[in-house]
Amino acid sequence: MNAPILEAKNIEKSYGQTTALQDVSLAIGRGEIVAVTGPSGCGKSTLLHCLAGILWPDRGSVHFQQRNLTAESEAARSRLRRTVFGVLFQFGQVVPELTAIENVTLPLQLGGARYRDAAVRAQRLLDRLDIGNLGGKRPGEMSGGQQQRVALARALVTEPEVLFADEPTGALDTLAGEQVMIELVRLARDHGTTVLVVTHNAQVAAYADREITMRDGRVETGGRVTISGEAR
Ligand code: ADP
């Protein structure tokens, strides 16, 4: 692997008396699709939040393209989250009062784009996700799978370097979940987007190039790749 795009070095994180992460180290290559799996409560979400610069580890460091995020200001990390990271969660991504197209244009407008230009890009992405005809609809008028595709479009419209997805199909039935994963992987491959997906679902993990397993706050297997690309 070339220099990793994202790396955690010996990170630890506790919530009061609860230790969520213990000495976690891992490296992710550019364009890799990596699944983090393990039983509920083993620290998957905490790890994703630390890697995405949303949470600050108590010890250790997180590096994006060799930049030590843990040494950066909150303002710098927030800018990074807006520009080079995309996030997709299980629920609550889409703003219920806004139409699909308005939801997807939002991150572009926050970045200073004009609505008309942003709407053209948003529509193109909705078309690719097969929901181009739903641009004028609000989330309440869509199925869960369609809403999650709007959320996916919103996470990808800024063309992030890394997409962080936390149980992205957790609220969907099997078929809708599979469709979201197929679209997610297809768009990520087309753009060379690196993906970190946290899931307890083996079917979701099967879409990844590599699986990192966690247990009791520690990485169990798959945290590092060797030059030959083999997990160790
Ligand atoms: P997973 O995503 O694998 O279910 P989490 O990262 O959500 O695991 O949680 C890891 C551990 O940290 C669990 O014991 C959980 O109860 C605890 N935890 C997570 N978030 C918080 C929080 N905000 N406050 C207190 N404890 C938390």
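Analysis parameters
Residues numbered from 1 in each chain as written. Predicted model: local features only at pLDDT ≥ 70, side-chain atom pairs only at ≥ 80, totals over all residues. Heavy atoms only, no water. Helix = DSSP H or I, 4+ residues; strand = E, 2+ residues; numbered from the N terminus. Buried < 20%, exposed > 50% of the residue type's maximum accessible area, 1.4 Å probe, protein only. Polar contact = N/O pair within 3.5 Å; in protein donor to acceptor, adjacent residues only side chain to side chain. Disulfide = S-S within 2.5 Å. Near = heavy atom within 4 Å. Areas by Shrake-Rupley, 256 points an atom, 1.4 Å probe, with all protein chains shown as cover. Nonpolar A, V, L, I, M, F, W, Y, C, P; charged D, E, K, R; others polar. Salt bridge = Lys/Arg side-chain N within 4 Å of Asp/Glu carboxyl O. 1 Å grid on protein atoms, 1.4 Å probe; cavity = no way out; pocket = protein on both sides within 12 Å on 5 of 7 lines; lining within 4 Å. Points joined across faces, edges and corners; volume = space filled by probe spheres on them. Pairing = 2+ DSSP bridges. Axes fitted to C-alpha atoms, helices over the stretch in contact; angles between N-to-C directions. Contact = heavy atoms within 4.5 Å.

A. Examining the side chain of R210 more closely. Within the secondary structure, R210 is located in strand β9 (residues 210-215). Overall, the relative accessible area of 7% leaves R210 in the buried class. Of note is the side chain of R210, whose polar atom sits 2.9 Å from the side chain of E32.

B. Geometry of the state of the cysteines. Applying the stated criterion to the full structure yields zero disulfides. For the unlinked cysteine C42, the closest cysteine sulfur is that of C50, found at 13 Å. Take C42: its relative accessible area is 3%, and that puts it in the buried class. Residue C50 is classed as buried on the basis of its relative accessible area of 2%.

C. Highlighting the site of the ligand. Taken together, Y15, T18, A20, P39, S40, G41, C42, G43, K44, S45 and T46 make up all the residues around the ligand. At 2.5 Å from an oxygen atom of the ligand is found a side-chain nitrogen or oxygen belonging to T46. In isolation the ligand exposes 560 Å². Once the protein is present, 58% of that is buried. Sort the elements by how many residues they give to the shell around the ligand and helix α1 (residues 44-51) lands first, with three residues. The residue inventory of the shell around the ligand, partitioned by class, reads four nonpolar, six polar and one charged.

D. Representation of the pattern of salt bridges in the model. Applying the stated criterion across every chain yields a total of 10 salt bridges. In this structure, D190 engages R128 in a salt bridge whose closest nitrogen and oxygen atoms are separated by 2.5 Å. Of the two residues, D190 is situated in helix α6 (residues 174-191) and R128 in helix α4 (residues 115-128); the sequence distance between them amounts to 62 residues. For D190, a relative accessible area of 48% puts it in the partly exposed group.

E. Spatial organisation of the layout of surface pockets. Approximately 480 Å³ is the volume found for the largest pocket. In this structure, the largest pocket is lined by 19 residues; those nearest its centre are R81, R82, F85, P107 and R154. Secondary structure elements with two or more residues in the lining of the largest pocket: α2 (74-83), β6 (85-88), α3 (100-110) and α5 (144-156). Across the lining of the largest pocket, the residue classes tally to 10 nonpolar, six polar and three charged. Its boundaries defined by the atoms lining it, the second largest pocket holds a volume of some 210 Å³.

F. Inspection of the sheet that holds strand β10 (residues 218-221) at higher detail. Taken together, six strands build an open sheet; the order of strands is β6-β7-β8-β3-β9-β10 and the sheet is mixed. Two strands lie at the open edges of the sheet, namely β6 and β10, each paired on one side alone. Shown here is a sheet whose adjacent strand axes are inclined to one another by a mean of 25°, direction ignored. The strands that α6 touches are β3 (33-37), β6, β7 (162-166) and β8 (194-198); relative to β3, the one it contacts most, it runs at about 140°.

Scope: geometric values only; no functional claims are made or implied.
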